Amino acid sequence: MNILSVLANGVTEAVQSLYGVLPDPSLIQLQKTRKEFKGNFTVVVFPLAKISKLSPDQTGEAIGSFLLEHLNQVKGFNVVKGFLNLEIAESYWLDFFDKAMQDEEFGFEKKGIKPLVMVEFASPNTNKPLHLGHLRNIFLGYSVSKILEANGHSVVNVQIINDRGIHICKSMLAWMKMGNGETPESSGLKGDKLVGKYYVEFDKLYKEQQKQLIDAGRTSEEAAKMAPVILEAQELLIKWEAKDPEVYSLWEKMNSWVYEGFNASFEKMEVSFDKVYFESDTYLLGKEEVIHGADKGVFFRKEDGSIWVDLTNEGLDQKALLRKDGTAMYITQDIGTALLRFRDFPETSYQIYTVGNEQEYHFKVLFKILKKLGFDQADKCYHLSYGMVELPEGKMKSREGTVVDADDLMLEMQNVSREVAMEQGKLEGLTENEKEGVYHYIGMAALKYFLLKVDPIKNMLFNPKESIDFAGNTGPFILYTYVRTRAILRKFEENFGPISRRVDYNGPINEVELNLLAKLHDFPLVLKESGNTYNPSLIANYTYELVKEFNSFYHDFPILREENKDLRTFRVQLTQKVGLVVRNSFKLLGINTVERM
RNA sequence: GAUCUCGUAGCUCAGUUGGAUAGAGCAUCUGCCUUCUAAGCAGACGGUCAGGGGUUCGAAUCCCUUCGGGAUCACCA
């Protein structure tokens, strides 16, 4: 049984036996003892003093004595201003550590004991390359998926690619007009970059034409509607929907370039998907379902033929689902996608959509619609919303060229990492290839940790000029500590053979060792909490605290140089376990560890 | 205008269901490498937890209100 429940039960018994009242569980408040006081866990006495009708300090003393007498895990206590601080016996910590040492998957639930969860993330449009905002999305979604898995769920990672619509037609049109048959091979450009380039070209041309129209006396609204290129793009979309062979094959060709580019980026990011959905496969299904819903009377038709849903009873608005010309909208395809997923994975318990917080309203509406259509799964759809990544000058805007390109940033991180590593010069003996691998991993650790350590719901700031730190509360700092643990273990094994998984040490334990054990003790709780709240930042911050504690230990006490054999082994075991928990935590964040740096 | 969300040190962020004297990193300053990797450790400096009111034995945390930033409220995606 967990020590916290042991203590809670003990306090309950104490109150009942001392004061004859069974206390409500909410009155038993246990927390970790603050550093400046002696003890490991603290009982907040104030609520219990109401039952005892004695002063908090008297009550604390009485409960403390009771626990000392009845629980062998408690070896001492003190009462300070209404707080009962309990000291836990070393035998409890050592026993815990012995169990943890034997549990390779310490803190992890057995995979698959909980129901299947679908996690959607990434979900790019095919007309633009990936940028920093996507990185936050992708790292967040991937990490949440890993965390849920560690909490015992089966998980499928999916993404929906918005591969159809006016946006890709714009790129296609510009390529037809100005591309001269350019391909990724002929230009040396990554496929997504090439297609993105023509999207920008389109926009330039479009703006020029609008300006001419405005100069000729049109309003800006009129100009936006009548510029020749936009009309051409719309025509292209209609041809596409009619599956015009020429248009369709161009669309297929350009999208395939984009996917090749995306896949190269995903590989660098070290993420993967179990299934990819395409809007072009789901929008017709969505249309059908909307029409079906209108026929059933779940939705209603306006005079012009457009189809709407009325959500005013749910506190929302009316929302269009199908245009008067019968074409699909953004939400139409989302309905279709959800449907397809329910069919593909009927055993799914939760569906998690990792999408930015600007779409909160959209998902509220979507889930209500699915519910109205009679899908019970709608109750188990969850919008994992996250804040924007802002630049010092505000939001990233592609039109103003202030987007931070994902590939560029990843490359930049690797470069910085190389520079720092060269200065340190600790990688002698590795081949150039191995070194580049290390630089890459360190760079990705810096980037991923930077984006994941912040609470997802908050907007966060990225300052390109300052680049991402490698010291302090950062990925590389944590990696560095991991590498230290690895070096110690290597040397220990060279000299003394394999490390035992049984903890035979009987104490004493010094304060820093105890802090480390207590931190390790927290790991399963943190993992559970981060799973319940879909929040990787809890893992990130936990890992940082663990590593801080270890560095302090490493600095103050000899490990390999410890002469007492039993103590040396204990400290090496502690080192090993810290290293493993760091590595596993980083896995949950989607970060790979390195052996040297 | 309505709804949602955020506001904690110069900057970037932590702060578990309300608990003790609000914590880290960066930046600035000071020590510590012939001993397990100094991308480290230890210390100093730095706060009206946006302002005001309320609930409570106790509030950064809950409620009300004002101010400030962001987002959303399309037959755009």
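Residues numbered from 1 in each chain as written. Chains lettered and ligands numbered in written order. Predicted model: local features only at pLDDT ≥ 70, side-chain atom pairs only at ≥ 80, totals over all residues. Heavy atoms only, no water.

**A look at the packing of helix 6 (residues 166-178) against helix 8 (residues 191-215)**
We apply this condition: For helices, the fitted line uses only the C-alpha atoms of the stretch in contact; every axis is such a line through C-alpha atoms, and the angle between N-to-C directions lies from 0 to 180 degrees. Numbering of helices and strands runs from the N terminus, with a helix taken as a DSSP run of H or I at least four residues long and a strand as a DSSP run of E at least two residues long. Reported orientations rely on four angle classes, namely roughly parallel under 35 degrees, roughly antiparallel over 145, roughly perpendicular from 65 to 115, and oblique for the rest. Here, residues are in contact when the closest pair of their heavy atoms is within 4.5 Å. Residue classes follow a fixed rule: Ala, Val, Leu, Ile, Met, Phe, Trp, Tyr, Cys and Pro count as nonpolar, while Asp, Glu, Lys and Arg count as charged, and any other residue, Gly among them, counts as polar.
Contact geometry of helix 6 with helix 8 gives a least axis separation of 8 Å together with a crossing angle of 85°. Viewed along their axes, helix 6 and helix 8 adopt a mutual orientation that is roughly perpendicular. In contact with His167, Ile168, Lys170, Ser171, Leu173, Ala174, Trp175, Lys177 and Met178 of helix 6, helix 8 contributes Val195, Tyr198, Tyr199, Glu201, Phe202 and Leu205. Residue composition of the contact of helix 6 with helix 8, by class: ten nonpolar, two polar and three charged.

**Topic: the protein's contact with RNA strand B**
We count it as follows: The near set for a molecule or strand comprises every residue that places at least one heavy atom within 4 Å of it. Under this definition, polar contacts are N or O atom pairs within 3.5 Å; protein pairs additionally need one hydrogen-donor-capable and one acceptor-capable atom, and for neighbouring residues in sequence, both atoms have to be side-chain atoms.
RNA strand B sits among 70 residues. The nearest are Asp304, Arg323, Gln424, Lys426 and Tyr480. By atom count, sugar and phosphate contribute 60% of the portion of RNA strand B lying within 4 Å of the protein. The separation between a phosphate oxygen of RNA strand B and a polar main-chain atom of Asp455 is 2.6 Å. Lys458 has a polar side-chain atom sitting 2.9 Å from a phosphate oxygen of RNA strand B. Here the surface near RNA strand B is built from residues that sort into 34 nonpolar, 16 polar and 20 charged.

**A word on helix 10 (residues 228-241)**
To be explicit about the condition: Here, expected helix span is obtained from the residue count minus one, scaled by 1.5 Å.
For helix 10, spanning 14 residues, the distance from its first C-alpha to its last is 20 Å, which sits close to the expected 20 Å at 1.5 Å a residue. Turning to helix 10, the residues buried within the fold contact helix 6, helix 8, helix 9 (220-226), helix 11 (245-269) and helix 12 (279-296). Just past helix 10, the residue Lys243 takes up positive phi, approximately 55°.

**Description of the side chain of Ser52**
Going by this rule: Exposure is judged per residue with a 1.4 Å probe applied to protein chains only, and the accessible area is read against the type maximum: over 50% gives exposed, under 20% gives buried, and values in between give partly exposed.
The topology assignment puts Ser52 in helix 2 (residues 46-52). Ser52 sits in the buried class, given a relative accessible area of 10%. Polar contacts involving the side chain of Ser52 include one to the side chain of Thr59, which spans 2.7 Å. Residues within four places of Ser52 in sequence aside, it is in contact with Tyr19 and Thr59.

**Some remarks on the domain arrangement of chain A**
Our working rule: Where a domain begins and ends is set by an automatic assignment or by a domain database. Put simply, buried area is how much 1.4 Å-probe accessible surface two parts lose in total, over both of them, once they are put together. The salt bridge definition used is simple: a Lys or Arg side-chain nitrogen within 4 Å of an Asp or Glu carboxyl oxygen.
As far as domains go, chain A holds domain 1 (3-88), domain 2 (165-273) and domain 3 (406-588). Domain 2 and domain 3 are separated by 45 Å when their C-alpha centres are compared. The interface is formed by seven residues belonging to domain 2 together with seven residues belonging to domain 3. Here domain 2 meets domain 3 over a buried area of about 590 Å², counting both sides, of which 48% is carbon and sulfur. Broken down residue by residue, the surface that domain 2 buries against domain 3 is led by Lys268, Met269 and Glu270, which jointly contribute 77%. At the junction of domain 2 with domain 3, the criterion picks out three salt bridges. Counting across the interface, domain 2 meets domain 3 through seven residue pairs in polar contact (both at pLDDT 80 or more). Of all the secondary-structure elements, those providing two or more residues to the side of domain 2 that touches domain 3 are helix 8 and helix 11. Looking at the side of domain 2 that touches domain 3 element by element, the count peaks at three residues for helix 11.

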